[in-house]
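One-letter residues, chain by chain:
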Amino acid sequence: MRISLPAAGRPTEDLLAEMRAMKSGDADWQGGKVPLYVFKAEDSVTEIGKAAFFEYFSENALGGGRAFPSVKRMEDDVVAMALGLFNAPDGGRGFMSTGGTESIVLAVQACRDWSRKQRGDAGHRGNIVASETLHPAFNKGAKLMDLDVRRAPVGPDLRMDLAAVEALIDDNTIMLVGSAPNFPYGMIDPIAALGEIATRRGLWLHVDACVGGYLAPFVRMIGRPIPDFDFVVPGVSSLSADLHKFGFCPKPASTVFYRDADKAQHHIFDADVWPNGRFVTTTIVGTRPAGGAAGAWAVLNHLGVDGFKRIATNLMRFIDDYKDGIRATPGLHIHGAPDLSIVAYGSDEFDIFRVAEVMGAKGWLPGLVQRPKGIHRMMSMFHAPVLDQYLDDMRAAIGVVRQEAPTKAKIKANY
Ligand SMILES: Cc1ncc(COP(=O)(O)O)c(C=O)c1O
C-alpha cells in the first residue's frame, strides 16, 4: 500500500487530535493491562524523566564530546554511579547506549575482537554458550558478527543447568553468558559458578542484567536474598543493564560495562577513513537522543539510593501479593523461583493459553511463555493498583476454560 504525502500541511492541533484518536485503539498500558514494554515507579519519577528528556529534546548525544559537554558530563555521571553500583574494580569502564540490544551487541563485538586478538586469528569464528533462556539479542549480535550461539536446556527446576552449559563449550567458545535475571522465568542464573567456569577455561563471561540490573542491588539492600551477579564475581568481564527498564528512566537508555580498560578498548569504534577526519563513537548508532542521557541523569539523582530502595520495597511487596494470588488459585503453579518482578505461571489441569485468550477479551494483553506453557508478566507499579481486578478476571477466565468443551487456543507466544 502507498499513501501520498499530503499536498498541504496540517495544523498541530489537528494532528494531535488524530494521534489521540488512533491511540485509543492501543492496549491500556496505563491501566496495567500490558505485561511488558513499559515501566513505572512513581509519578514524580515519570515527571522528572519527561522534563529532563524534553529539556534536551533537540541536542544530539553524538555531539556530546564537542558541542554539548553537559550531555557528556551526564553520561559520565550515570556510568560512574553505575560502576559503583555493580562493584566494578578500579579501571572498570562503561558506556551508555540506546537499549539492551545495543549494549549486548556491543559487548559481543568487544568480546569477539578481544578473543581474536588473544588468539592471533583475525578471522576466527567463535561461539557463545548460555542457557536456552538467553535473550535473542545475543543471536542478533552473533548474526551480525558471524558467531554461533549454543543454548543448553534448563534443568527440571527451570534453572540454568551448569553441566549442560559446560558440555557445550569447545575450543571455539569465546563467551559465556548468564542472565540476571533471565526474561522467560525471571530467575538469576548462577553467576558465581559461571565465573568459576569462565576463569578456569579462560573465557569472557558477560552478565545480561538488562532487565534486573537497576533493581537487584536495591532489592538486596532491603534485605531480600539476591545472589552475587555483578563484578564482585571475579570471572565477570562485562555486564549490560538497562536504565529504561527497572531504572525507570525514559527510553532510550542502557549501560554496558567492562572489567578493565583493555576489554573496554575493543568496544570503541575509531576510524579515520573519510574526508571529514577521525570518527569515534561508543555506540552502534550515530545520532541519538541526548534526552536519554538527560533523563537517566535526572532520574538517578532524583531517586538516589533511598528512592530506589523505597521503590524496591513497594514493588517486591506487590510481587509477593501477586505470587500469593497465583498460588491461592487452584490448578496454577509458578514457573521456577522468580527472583525479581518477572513471574510466569502455568497449569497442569487446563490450557493456560486459553485462559490468556479469554482474559484478552477483557483487555489484558497476553504475555506468554511457550516452554513450559505459561502466562508471563514483567510487572512494575502500573500493575499494583489493578491486582485484585487481574486476579478476579483470571479466576473467571479459568472458570470459563474449565467448563467449555476442549478449545484450541489460537494465540501463540511471541514477544
Ligand atoms: C534479559 C534481557 N536482555 C536483553 C533485553 C533487550 O533489551 P531491549 O529491548 O532494550 O533491547 C531484554 C528485554 O526485555 C531482556 O529482558
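Cut-offs and rules
Residues numbered from 1 in each chain as written. Predicted model: local features only at pLDDT ≥ 70, side-chain atom pairs only at ≥ 80, totals over all residues. Heavy atoms only, no water. Pairing = 2+ DSSP bridges. Helix = DSSP H or I, 4+ residues; strand = E, 2+ residues; numbered from the N terminus. Axes fitted to C-alpha atoms, helices over the stretch in contact; angles between N-to-C directions. Contact = heavy atoms within 4.5 Å. Domains from an automatic or database assignment. Buried area = accessible area lost by both parts, 1.4 Å probe. Salt bridge = Lys/Arg side-chain N within 4 Å of Asp/Glu carboxyl O. Polar contact = N/O pair within 3.5 Å; in protein donor to acceptor, adjacent residues only side chain to side chain. Nonpolar A, V, L, I, M, F, W, Y, C, P; charged D, E, K, R; others polar. Buried < 20%, exposed > 50% of the residue type's maximum accessible area, 1.4 Å probe, protein only. Near = heavy atom within 4 Å. Areas by Shrake-Rupley, 256 points an atom, 1.4 Å probe, with all protein chains shown as cover. Expected span 1.5 Å × (residues − 1). Bend = angle between axes of the 7 residues up to and from the residue. Parallel < 35°, antiparallel > 145°, perpendicular 65-115°, else oblique. Left-handed = near helix turned anticlockwise from the far one by under 90°.

Our focus in this paragraph is the sheet that holds strand β13 (residues 373-378). Taken in spatial order, the four strands make up an open sheet running β10-β11-β13-β12, and their pairing is antiparallel. One side of each edge strand has no neighbouring strand; the edge strands of this open sheet are β10 (332-334) and β12 (368-370). Each strand axis lies, on average, 30 degrees off the axis of its neighbour in the sheet, ignoring direction. Pairing analysis gives three bridges linking β12 to β13, with the strands arranged antiparallel. By the bridge assignment for β13, L368 is matched with I375. Relative to the sheet, helix α10 (residues 290-327) contacts β10, β11 (342-347) and β13, its axis offset from that of β11 by approximately 0 degrees.

Right, let's get into the domain arrangement of the chain. As a measure of interface size, the accessible area lost when the parts come together is often cited. Once the domains are mapped, the chain shows domain 1 (23-42 + 304-403) and domain 2 (48-302). Measuring from the centre of the C-alpha atoms in domain 1 to the corresponding centre in domain 2 gives 28 Å. Taken together, the 33 residues of domain 1 in the interface contact 32 residues of domain 2. Summing both partners gives a buried area of about 2,600 Å² for domain 1 against domain 2, and 71% of it is carried by carbon and sulfur. When residues of domain 1 are sorted by the area they lose upon contact with domain 2, F39, F308 and L340 head the list and together hold 26% of the total. Across the domain 1-domain 2 interface, the total number found is two salt bridges. Here domain 1 is connected to domain 2 by nine residue pairs in polar contact (both at pLDDT 80 or more). For the side of domain 1 that touches domain 2, the secondary-structure elements that each account for two or more residues are α10, β11 and β13. In terms of residues, the side of domain 1 that touches domain 2 owes the most to one element, α10, which gives eleven residues. Broken down by class, the residue content of the side of domain 1 that touches domain 2 amounts to 20 nonpolar, seven polar and six charged.

Attention now goes to the environment of I352. Note on placement: I352 falls in helix α11 (residues 352-360). The class of I352 is buried, set by a relative accessible area of 2%. Note: C-alpha distance between I352 and A397 (45 residues apart in sequence) is 9.7 Å.

Attention now moves to the sheet that holds strand β4 (residues 173-179). Sheet strands pair by backbone hydrogen bonding; their relative direction is either parallel or antiparallel. Spatial ordering of the open sheet is given by β1-β7-β6-β5-β4-β2-β3, a layout of seven strands whose pairing is mixed. The open sheet has two edge strands with one neighbour each: β1 (93-97) and β3 (148-152). Within the sheet, the average angular offset between the axes of one strand and its neighbour, ignoring direction, is 20 degrees. By the bridge criterion, three bridges tie strand β2 (residues 127-131) to β4 in an arrangement that is parallel. Considered in β4, the bridge of I128 is made with M175. The strands touched by helix α3 (residues 69-85) within the sheet are β1 and β7 (254-258), with β1 carrying the most contacts at an inclination of about 125 degrees.

As a further point, take the site of the ligand. Around the ligand lies a shell of 14 residues, among which G100, T101, D208, K245 and Y415 are the nearest. A distance of 2.9 Å separates an oxygen atom of the ligand from a polar atom in the backbone of G100. D242 is positioned with one of its side-chain polar atoms (N or O) 3.5 Å from an oxygen atom of the ligand. Considered on its own, the ligand offers 390 Å² of accessible surface; in the complex 88% of this is hidden by protein. Examining the composition of the shell around the ligand, we find that three residues originate from one element, helix α4 (residues 100-119), more than from any other. Here the shell around the ligand is built from residues that sort into six nonpolar, five polar and three charged.

Let's shift gears to α10. The end-to-end C-alpha separation of α10 is 44 Å, well short of the 56 Å expected for 38 residues at 1.5 Å each. By the largest-angle criterion, G304 marks the main kink of α10, which is about 85 degrees.

Another aspect to go through is helix α1 (residues 12-23). For α1, which comprises twelve residues, the first-to-last C-alpha distance of 16 Å matches the rise-based estimate of 16 Å (1.5 Å per residue) to within 8%. Taken across its twelve residues, α1 has zero buried, putting it largely on the surface.

A few words on the packing of α11 against helix α12 (residues 387-403). The contact between α11 and α12 brings their axes to 9 Å, and the two run at 120 degrees. Taken together, the axes of α11 and α12 lie oblique to each other. At the point where α11 passes α12, the crossing takes the right-handed sense. Side by side, α11 and α12 meet where R354, V355, V358 and M359 of the first sit next to Y390, D393, M394, A397, I398, V400 and V401 of the second.

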